[in-house]
Amino acid sequence: MADLALLKRYAIPLIMLSLAVFYQLYVLPSSFPTSHYDVLGLRRFASVEEVTEAYERLSSKWNSGVEVPPTTDFIKIRYAFELLTNPLWKRDYDKFGIDENLHVLEKVKGEHAGESVSKVGLPLLDTESIDDSLDAFVPEDFMSNIGNDKPWLIQIYSSGSSRCAQFTKSWKRIASVLDGVANTAALELGDYQLAAHFAERKSSGQPYFKNGLPSLVALPNGCRRTECVMRYDGDLSVDSVVDWVATSVLGLPRILYYSKETLGQNFIAKSGPHKVKVICFSKTGERAAPFLRRAAKDYWAYASFAFVLWKEEESSVWWNAFQVESAPSIVILKDPGLEPVIHHGPMNSSWFASIIEQNKQFDLPQLRSTTSLELGCDAKGYSRAGNDTAAWYCVVLAGRPSLKLNQMRNIMRNVQSMLVADTDESGKIPVPKAAADAFNTKRLTFTWLDGETQKKYCFFYLHSEDSYETCGPRRYGDPTDTPRLFIIRYKRNATESTTKVEKKVKTIWDTLQEEDANLASQLVARYNGSEDKSEITQWISQIIDDGDTRDLPYYRITPPELIPEQADQMLLKGAEGILSKGKGMKQRFQNFAANILSYAGDPRIGPILLLGACFSFATIWLQSNQNPQQPDKKVESESENPTQPEKKVEGNARRRNRPLRSSNHDRPSSITDEEPKDAHQVTFSDSDSD
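The rules we used
- Residues numbered from 1 in each chain as written.
- Predicted model: local features only at pLDDT ≥ 70, side-chain atom pairs only at ≥ 80, totals over all residues.
- Heavy atoms only, no water.
- Helix = DSSP H or I, 4+ residues; strand = E, 2+ residues; numbered from the N terminus.
- Buried < 20%, exposed > 50% of the residue type's maximum accessible area, 1.4 Å probe, protein only.
- Contact = heavy atoms within 4.5 Å.
- Areas by Shrake-Rupley, 256 points an atom, 1.4 Å probe, with all protein chains shown as cover.
- UniProt positions renumbered as here; feature names shortened; annotations may be inferred.
- Pairing = 2+ DSSP bridges.
- Right-handed = clockwise from strand over helix to strand, strands pointing away.
- Core = buried A, V, L, I, M, F, W, Y, C linked by side-chain atoms within 4.5 Å.

In the annotation of an unreviewed UniProt entry, the protein is listed under the name J domain-containing protein and assigned to Acorus gramineus.

Visitor: When you look at the overall build of the protein in this model, what are you seeing that I'm missing?
Guide: Regarding its fold elements, the protein presents 26 helices and 15 strands. Looking at the protein as a whole, 40% of its 690 residues are labelled buried. Contacts spanning at least 24 positions in sequence make up 73% of the contacts within the protein whose residues lie at least 6 apart. For the protein, the exposed area adds up to about 41,100 Å²; of that, 53% sits on carbon and sulfur atoms.

Visitor: For this particular structure, what's the right way to read unusual backbone geometry?
Guide: Negative phi characterises most residues that are not glycine, and trans characterises most peptide bonds. Omega for the bond connecting L213 with P214 falls within 30 degrees of zero, at -5°, which places this linkage in the cis form. Locating P214 in the fold gives a position in the loop between β4 (207-208) and β5 (215-219). Omega for the bond connecting A327 with P328 falls within 30 degrees of zero, at 5°, which places this linkage in the cis form. Note that P328 resides in the loop between α14 (315-322) and β10 (329-333). A positive phi is found at F45, a non-glycine position, where the angle reads about 65°.

Visitor: Help me understand the UniProt feature "transmembrane region" (unreviewed entry) in the protein, please; the structure alone is not making it clear to me.
Guide: Following the UniProt record, one finds the feature "transmembrane region" (unreviewed entry) at residues 7-26. When the span residues 7-26 is considered, its composition is 95% helix and 0% strand, and the gap between its end C-alpha atoms is 26 Å.

Visitor: Mind showing me how you'd approach the pairing of strand β1 (residues 152-157) here?
Guide: Look at any regular strand and the pattern is simple: side chains alternate between the two faces of the sheet. Burial runs high along β1: six of the six residues are buried. Here β1 shows a buried face lined by W152, I154 and I156 and a second buried face lined by L153, Q155 and Y157. Relative to strand β2 (residues 183-188), β1 is paired through six bridges, and the arrangement is parallel. Paired with L153 across the two strands is T184, which belongs to β2. Where the polypeptide runs from β1 across helix α9 (residues 162-178) and back to β2, its parallel neighbour, the crossover connection is right-handed. Where β1 meets β5, five bridges bridge the pair, whose relative direction is antiparallel. Residue pairing for β5: I154 is matched across the bridge by V217.

Visitor: How should the nonpolar core be read in this particular structure?
Guide: Most often, soluble globular proteins have nonpolar side chains that are buried together. Membership of the largest hydrophobic core comes to 89 residues, with the highest contact counts inside it found for L153, L444, F446 and I540. Broken down by element, the residue count for this core peaks at seven residues, all from helix α17 (residues 403-421). With residues near it in sequence (within four places) discarded, L153 still touches W171, I174, L178, N183, T184, A185, L216, V217, A218, V241, W244 and V245. Among the nonpolar cores identified, the runner-up in size contains 24 residues, and I75, A80, W89 and L105 belong to it.

See the structure below:
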């Protein structure tokens, strides 16, 4: 039992001592393998001439028959000779520890194990140069280029690397795909100072590249320091690299792929009635290009984006649904009942942005928090016709999303078309002049309102007994949906003085009056007629004519704020969590293991463990000798007075610190001791004077 207690006491220092010995004997030697210079018997960083001389000395012994090396040793020597006599390989090995042909050495050793030296095919290594047409990164322009309006993706490569040569074609494809959203450049290891700036550091301070070459690093906007450099550790495929730049560096969302079974129910039905639907058909199945993702982020308030993989066996489905003939192509779904907008052929950044800008709104735009000012349907005094316009009008079709609302939206689009053409559909009957002039001069706007989402705004303008048929959620047991049409006249007060008297002290009341003065006057008229386009046009024209010519009352009112629509969930995620959980955990584990291995070669770890073990041993030994075990005896006063109440903790502590007496022989008499034999009682009188 005593041995077991002693072992437990010294467990921690024993473990630290064992780790220190294991590290020094096994881990550290494996972290510093024999260099190729050691194989040739040369000092580190010996010149090419010295390497050649050393190899010739060894080969002369083999040729003369004086010494016949084992096949494994011959392969090692030959490999070291070929590596160190190639200027590019030697440079990469000396400065960055790069030896990407090491797998060739192990392969040849395994193939010729037990065979004679004569059967080893020479040379062991094949040279392959990288394409020199890469856009080289100029070190002199480093400070002026880095940190501009676009992030940078930099490839660090070596002209003597076969892996870099194989990656050249993919790199050119990556550069073309990222054009317009990120700058790309290639940095050769010959620019040692700049290459070392982007390299990682070993514990010894030597620059190195953990995953070898080519190495990809990204510098986000405004990044000018090493701490903000982002390193790519994934697969070197075009799709993976571009996806990493788009999500992690640029913070752009992914655009999901849908099948013919899920496109309708998971995209069109769930993307919201207030957004235009943009569907991209792809033949390759690659992830969306960064310029498409940027458009999805910039136009999230107007449009939703989806991708579909084109399959020839499904071509009839897409033709019947959208009249799509082939891929690549894009389909833009706008107002219900309208034919989709279709574009066939490849896309580029500027062309795609122009197409989305032209088609981001419905033909009959929706009144929303993001469009109210743009449409001129806002009480803050903005008009599409300009700030000098005294009166302008906004025709609003309100209702819950339904088939009936879609039919009315189609009618209002036809009304707009009539005002543009100045005639009806037959081209014979002219439309009222007041409405046509107001529409063509941008004093008249047509829009529709989601009465369910914007219920407060809807009730504010349509407050009546039957407003529940138009505004707010559907009531249980009453499926009635009745879209309603109303027009708002906005008018500025032309009689107000344009000059304001400056005040030294501005009160809260003055501030409120100034804010109220910025509001335009509003008058609302509700339409109660039929769904005939001509009748609606006549009603709108009459309202405009009255609003422009008659002296109508002037009311300043502040309507409820329009409720902002929620962003798409994929855009809310951002760059975080863009990988699946399994892949993300695997990536984190690999990075953690790689970091541990990179620090395993630190020669300071062994001495630190040994020093820690020594300190632990010394601490435990000192504690054991400073606190010897005391005899376990009770204080007699405690045993003699078992009924005495316990004292405070402070008193108990002081009593334990007093030395215990071995016996009561020398203890002085006390009034609590037994009565002596010669003791007697003294008698007293009752008088105090006695």
